[in-house]
Amino acid sequence: MFTNNKNSIFPGFGLSLGYTLVYLSIIVLVPLSAVVLKTTSLSLPSFIAAVTTPRVLASFQLSFGMALLAGLINLFFGLLLAWALVRYTFFGKNVVDALIDLPFALPTAVTGIALAALYSKNGWIGKQLEPLGINIAFTPWGILVALIFIGLPFVVRTVQPILEEIELELEEAAASLGASRWQSFTKVVLPILLPALLTGFALAFARAVGEYGSVIFIAGNIPMVSEITPLIIITKLEQYDYAGATAIALVMLIISLLLLLAINGLQAWSAKQTGRTRQ
Amino acid sequence: MSLTTRFERSAATSEPALIKALILCLSLSFFGVFLLLPLLSVFTEALHKGVIYYFNAITEPDTWSAMQLTLLAAAIAVPLNLIFGVAASWAITKFDFVGKHLLITLIDLPFSVSPVIAGLIFVLVFGAQGWFGSWFLDNDLQIIFAVPGIVLATIFVTFPFVARELIPLMEAQGREEEEAAAVLGANGWQTFWYVTLPNIKWGLLYGVILCNARAMGEFGAVSVVSGHIRGYTNTIPLQVEILYNEYNYVAAFAVASLLALLALLTLIAKSYVEWRLKKETNAPSAIEGTI
């Protein structure tokens, strides 16, 4: 299995791989397997019953629906932002570029209370929307706002490097062959960006489905209306319903794993298309 | 450096002025409303009742002990994940073995697990009803609702950061320089210390900066395992939540503003390191500049 390393001139294969596997097992694999093993304490019918109560189903619909919607909105505006950052010159561009990563750096609890303050009735944005009869805070739309915030950098940061590497000549060739600007965008640029766009979308979606901190302060957390799945897990834990909490967690873990596989596939496809190595 | 991008200099790659203005306007308004406003509101809410109130809020004893715990958790999690990141990327990029792709996927796993589930798994393993719970109870060791649980959850959520940065970087740099060092008689540590480390130092720092920001700011996972015991198991983000839920908004935002400042410092450090990384990879030879 490891034969070709016998002749390797580097030392430390056993040590570094051994350490990697032991540490990975202790921190990640063993604790995660607890979810699977704990769920086996439930019979199949009671497992299905635990993850299909109306309240849990409503939370799945909400968490996945809002994550999808936020992902689509970020797909559009993320592409626009990446486009502006790569192709245009404007005042403050470096600052905007650096601040795109803010959602990665800002703790989610801070995001949560800031959004709740902004969109509540006396907040800067809430105050403007109130007379129009639009309420964002403490409704499902608050969840959407929070998920847009945390998902945006995923799309911008996967699209931006690909956009930067596109050869000018491709679009010049398209233009000289008579393509309009719109045609050369949809027929030349967009197909190149497609894998990156999908990867960014999938990353943002995966993050949004499990998001907790930035959502709970603004969501209002009304059962059946604005209660996200991670919050149900916490509620069940607080009621010492460990098996119920774990059953829901297992469903979410399986979905995350499928998403992770999809993202890896997309990245491999993207790498193949653009000749870049995985980043 | 020219002030325009290469795309703006060719008619084939620039849009009509109206479209360009529309794209800029739309994208920057979106950026302003969804990213910039929340950041600004943290600081204005925090200073809402004046500077004295602000300083009183952030020097409160519970806030101080929360800071100490946050620093402790980061001081344990970051070095451990740093050592792991170096070991993992050395094994993955310097050797060939079966299952490498699976290993890389598994290393990324904590990123795709919901923070709440990250907390839950440690409750399942170490909680009173967990696998090792009774053993720890018998020996008077508390993991969950205590400091060790917070540290474990922090290590889990920051697990991939360093490895993720190093693996692609070391992959791109190849093995030639280390092979040359080995041929010239360097032993393993010398090769790592004098050849590999200088080549990866900026990538390493980049991973550490991101790892640290997440370690100090993690909320969901830590919230599940902490038990919210004031002055004992509260980190800064949890202290923000407690103050906020007590309707002590100004104090909550004051403490939150410390985290927001940390985030801004992180972004500045990150931009600097990115600039260094770019400079280094554009340099004709990676060896020349570093020895």
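None of the values given here were measured: they were computed from a predicted structure. (Residues numbered from 1 in each chain as written. Chains lettered and ligands numbered in written order. Predicted model: local features only at pLDDT ≥ 70, side-chain atom pairs only at ≥ 80, totals over all residues. Heavy atoms only, no water.)

So what exactly am I meant to see when it comes to the overall build of chain A here?
Within chain A, the regular secondary structure consists of 13 helices and 0 strands. Mapped from its N terminus to its C terminus, chain A presents α and β elements in the order α-α-α-α-α-α-α-α-α-α-α-α-α. In terms of its C-alpha atoms, chain A occupies a principal-axis envelope of roughly 75 × 65 × 35 Å. Buried positions account for 56% of the 279 residues belonging to chain A. Restricting to contacts in chain A with at least 6 residues of sequence separation, those with at least 24 account for 75%. In the form shown here, chain A has an accessible surface area of approximately 11900 Å², with 69% of it arising from carbon and sulfur atoms. (Helix = DSSP H or I, 4+ residues; strand = E, 2+ residues; numbered from the N terminus. Buried < 20%, exposed > 50% of the residue type's maximum accessible area, 1.4 Å probe, protein only. Contact = heavy atoms within 4.5 Å. Areas by Shrake-Rupley, 256 points an atom, 1.4 Å probe, with all protein chains shown as cover.)

When you look at a nonpolar patch on the surface in this model, what are you seeing that I'm missing?
On the surface, a cluster of nonpolar side chains totalling about 590 Å² of accessible area is made up of V30 and L37 of chain A together with W131, F132, W135 and L141 of chain B. Along the chain, W135 of chain B turns up in helix α6 (residues 133-138). (Patch = residues over 30% accessible without salt bridge, like charges linked within 9 Å, V, L, I, M, F, W, Y side chains within 5 Å. Salt bridge = Lys/Arg side-chain N within 4 Å of Asp/Glu carboxyl O.)

Any chance you could explain the nonpolar core here in plain terms?
A general tendency of soluble globular proteins is for nonpolar side chains to be buried together. By size, the foremost hydrophobic cluster in this structure holds 183 residues, and its most contacted members are Y119, L147, L193 and I233 of chain A together with I107 and F156 of chain B. The leading source of residues in this core is helix α3 (residues 54-87) of chain A, at 16 residues. Beyond its immediate sequence surroundings of up to four residues, L147 of chain A is in contact with M66, A67, A70, N74, A208, E211 and V215 of chain A. The next biggest cluster of nonpolar side chains, apart from the first, holds 12 residues, and it includes A74, I209, A215 and L262 of chain B. (Core = buried A, V, L, I, M, F, W, Y, C linked by side-chain atoms within 4.5 Å.)

Would you mind showing me how to read the packing of helix α8 (residues 140-165) of chain A against helix α1 (residues 17-46) of chain B here?
Each pair of packed helices can be described by the angle between their axes along with the distance between the axes. With their axes 10 Å apart at the nearest point, α8 of chain A and α1 of chain B run at an angle of 95° to one another. In terms of orientation, α8 of chain A and α1 of chain B fall into the roughly perpendicular class. Touching V145, I148, F149 and L152 of chain A of α8 of chain A are F30, F34, L35 and P38 of chain B, all from α1 of chain B. Of the residues contributing to the contact of α8 of chain A with α1 of chain B, the split by class is 8 nonpolar, no polar and no charged. (Axes fitted to C-alpha atoms, helices over the stretch in contact; angles between N-to-C directions. Parallel < 35°, antiparallel > 145°, perpendicular 65-115°, else oblique. Nonpolar A, V, L, I, M, F, W, Y, C, P; charged D, E, K, R; others polar.)

Explain the domain arrangement of chain B here, please?
As a measure of interface size, the accessible area lost when the parts come together is often cited. Residues and elements named next belong to chain B. The domain boundaries assigned to chain B delineate domain 1 (1-46) and domain 2 (49-290). Listed per partner, the contact involves 6 residues of domain 1 and 9 residues of domain 2. Taking both sides of the interface into account, the surface hidden between domain 1 and domain 2 amounts to around 630 Å²; carbon and sulfur atoms contribute 80%. Taken together, the links from domain 1 to domain 2 amount to 0 salt bridges. In this structure, the connection of domain 1 to domain 2 is made through 0 residue pairs in polar contact (both at pLDDT 80 or more). A per-class count over the side of domain 1 that touches domain 2 returns 4 nonpolar, 1 polar and 1 charged. (Domains from an automatic or database assignment. Buried area = accessible area lost by both parts, 1.4 Å probe. Polar contact = N/O pair within 3.5 Å; in protein donor to acceptor, adjacent residues only side chain to side chain.)

Explanation requested: the packing of aromatic side chains in the structure shown.
The description of an aromatic ring pair uses the distance of the two centres, along with the angle that the planes make with each other. Per the counting criterion, the structure on display carries 27 aromatic pairs over all chains. When the centroid spacing of 5.3 Å and the interplanar angle of 80° are considered together, the rings of W83 of chain A and F185 of chain A count as edge-to-face. Taken together, the residues W83 of chain A in helix α3 and F185 of chain A in helix α10 (residues 181-210) connect sequence positions 102 residues apart. Like W83 of chain A, the residue F185 of chain A is buried in the burial classification. By the ring-pair criterion, three or more aromatic residues cluster together here, those being Y212 and F217 of chain A together with F219, Y244, Y247 and Y249 of chain B. The aromatic ring of W83 of chain A is capped on one face by R87 of chain A, whose charged end is 4.4 Å from the ring centroid. Between the NZ or CZ atom of K100 of chain B and the centre of the ring of F97 of chain B, over which it lies, the distance is 5.8 Å. (Phe/Tyr/Trp six-rings, centres within 6.5 Å; stacked < 30°, edge-to-face > 60°. Lys NZ or Arg CZ within 6 Å of the ring centre and 35° of its normal.)

Explanation requested: unusual backbone geometry in the structure shown.
Among all residues save glycine, negative phi is the norm, and among peptide bonds the norm is trans. Residue and element names in this part refer to chain B. Even without glycine at this site, F145 takes up a positive phi of about 60°. Inspection of the secondary structure puts F145 in the loop between α6 and α7 (147-157). Of note, the phi angle at Y247 is positive, near 60°, even though the residue is not glycine. You can see Y247 is positioned in the loop between α12 (236-245) and α13 (249-282). A relative accessible area of 64% means that Y247 is categorised as exposed.

Teacher, can you tell me more about helix α6 (residues 108-119) of chain A here?
One turn of an α-helix holds 3.6 residues; hence residues three or four places apart share an orientation. Residues and elements named next belong to chain A. Taking 1.5 Å per residue as the helical rise, α6 with its 12 residues ought to reach 16 Å, and the 16 Å between its terminal C-alpha atoms agrees with that figure. Here α6 lies mainly inside the structure; 12 of its 12 residues are buried. Restricting attention to buried positions, one finds in α6 the residues T108, A109, V110, T111, G112, I113, A114, L115, A116, A117, L118 and Y119. (Expected span 1.5 Å × (residues − 1).)

Would you take a moment to explain the domain arrangement of chain A for this structure?
Residues and elements named next belong to chain A. Entries for chain A in the domain assignment read domain 1 (1-40) and domain 2 (43-274). Computed from C-alpha coordinates alone, the two centres of domain 1 and domain 2 are separated by 32 Å. On the side of domain 2, 8 residues touch domain 1, which itself brings 5 residues to the contact. Across the interface of domain 1 and domain 2, roughly 520 Å² is buried in total on both sides, 85% from carbon and sulfur atoms. Of all residues in domain 1, V35, K38 and T39 give up the largest surface area on contact with domain 2, accounting jointly for 80% of the area buried on that side. Summed over the shared surface of domain 1 and domain 2, the result is 0 salt bridges. In this assembly, domain 1 and domain 2 are joined by 0 residue pairs in polar contact (both at pLDDT 80 or more). Among the residues forming the side of domain 1 that touches domain 2, the class breakdown is 3 nonpolar, 1 polar and 1 charged.

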